[in-house]
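# Architecture and fold: a report
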Amino acid sequence: QVQLVESGGGLMQAGGSLRLSCSASGRTFRSYAMGWFRQAPGKEREFVAAISTGGRGTLYADSVKGRFTISRDDAKGTAYLQMNSLKPEDTAVYYCAARASGWPSLEVKGYAYWGQGTQVTVSS
């Protein structure tokens, strides 16, 4: 089992950057594929980005491709989401998630472990 804690959210103007961190407990972090999802008010939780074990492969939603970068540091047990060129439509609560598999999933139901979320607000 793994416990996840997100940090790094906040208020940013459009065009700015933020880096989210997801710290995982336990010694098996390297065996989990990791994902980032977001949920805006009144909307369903949606896929943002994901990374396989070992960082061999990454996946991105079309809406963030070229602006966001997912990475992981297995030695620190942490996953990151670097968000550049932020837009007001990126405003949401961002969640990290862990999947006990080598390859990530694009679906919410593909992840068994979730953090509590961190708010990202982008003003125009």
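The structure we're discussing is the one just above.
Notes on the structure in this doc start here. Quick caveat, the model's predicted, so the values are computed rather than measured.

In total, this model carries one disulfide according to the counting rule given. One disulfide bridge connects C22 with C96, the sulfur atoms lying 2.0 Å from each other. Looking down the S-S bond of the C22 and C96 bridge, the torsion is 55 degrees, so its handedness is right-handed. Here C22 is found in strand β3 (residues 18-24), whereas its partner C96 is found in strand β9 (residues 92-99), with 74 residues between them in sequence. Residue C22 is classed as buried on the basis of its relative accessible area, which comes to 0%. When its relative accessible area of 1% is taken as the criterion, C96 is described as buried.

Moving on to the side chain of R38. Considering the arrangement of structural elements, one finds R38 in strand β4 (residues 33-39). In terms of polar contacts, R38 uses its side chain to reach the side chain of E46, at 2.7 Å. Polar contacts involving the side chain of R38 include one to the side chain of Y94, which spans 2.9 Å. Residue contacts for R38: discarding those within four places in its chain leaves E44, R45, E46, V48, S63, V64, F68, E89, D90, A92, V93 and Y94.

Position of D90 relative to the elements: it lies in the loop between β8 (78-83) and β9. Considered as a pair, D90 and S63 are 27 residues apart in the sequence and their alpha carbons are 9.1 Å apart. In contact with D90, not counting residues within four places along its chain, are R38, R67, F68, S85, V120 and V122.

It is worth spelling out the sheet that holds β3 at this point. Within a sheet, neighbouring strands are paired by backbone hydrogen bonds and run either parallel or antiparallel to one another. Strand order in the open sheet formed by four strands is β1-β3-β8-β7, and the pairing between neighbours is antiparallel. Since the sheet does not close on itself, it has two edges, and those belong to β1 (4-7) and β7 (68-73), each with one partner. Shown here is a sheet whose adjacent strand axes are inclined to one another by a mean of 15 degrees, direction ignored. Note: β3 against β8, six bridges, orientation antiparallel. Directly across from C22, in β8, lies its bridge partner A79.

With respect to burial, strand β5 (residues 46-51) is a largely interior element, five of its six residues being buried. Note: β4 against β5, five bridges, orientation antiparallel. Within β5, the residue paired with M34 across the bridge is I51. Hairpin remark: β4 followed by β5, antiparallel, with six residues in the connecting loop; positive phi at G42, about 80 degrees.

The rules we used
Numbering of residues starts from 1 in every chain and runs along the sequence as written. At least 70 in pLDDT is required for a residue's local features to be given in this predicted model, at least 80 for side-chain atom pairs to be given and counted, and no such filter applies to totals for whole chains, interfaces and linings, which use all residues. Water and hydrogen atoms play no part in the side-chain values, which are based on all heavy atoms of the structure. Sulfur atoms of two cysteines make up a disulfide when they are within 2.5 Å. Strands are runs of DSSP state E lasting at least two residues, helices are runs of H or I lasting at least four, and both sets are numbered from the N terminus onward. The classification of residues rests on relative accessible area computed with a 1.4 Å probe and restricted to protein chains. Under 20% of the type maximum is buried, over 50% is exposed, and intermediate values are partly exposed. Counting of polar contacts relies on pairs of N or O atoms within 3.5 Å, with two restrictions inside protein: one atom must be capable of donating a hydrogen and the other of accepting it, and residues adjacent in sequence are counted only when both atoms are side-chain atoms. We call two residues in contact whenever any of their non-hydrogen atoms come within 4.5 Å of each other. The pairing criterion for strands is at least two bridges between them, as found by DSSP. Fitted lines through C-alpha atoms give the axes, limited to the stretch in contact for helices. The angle between two N-to-C directions lies from 0 to 180 degrees.

Geometry only, nothing functional implied.
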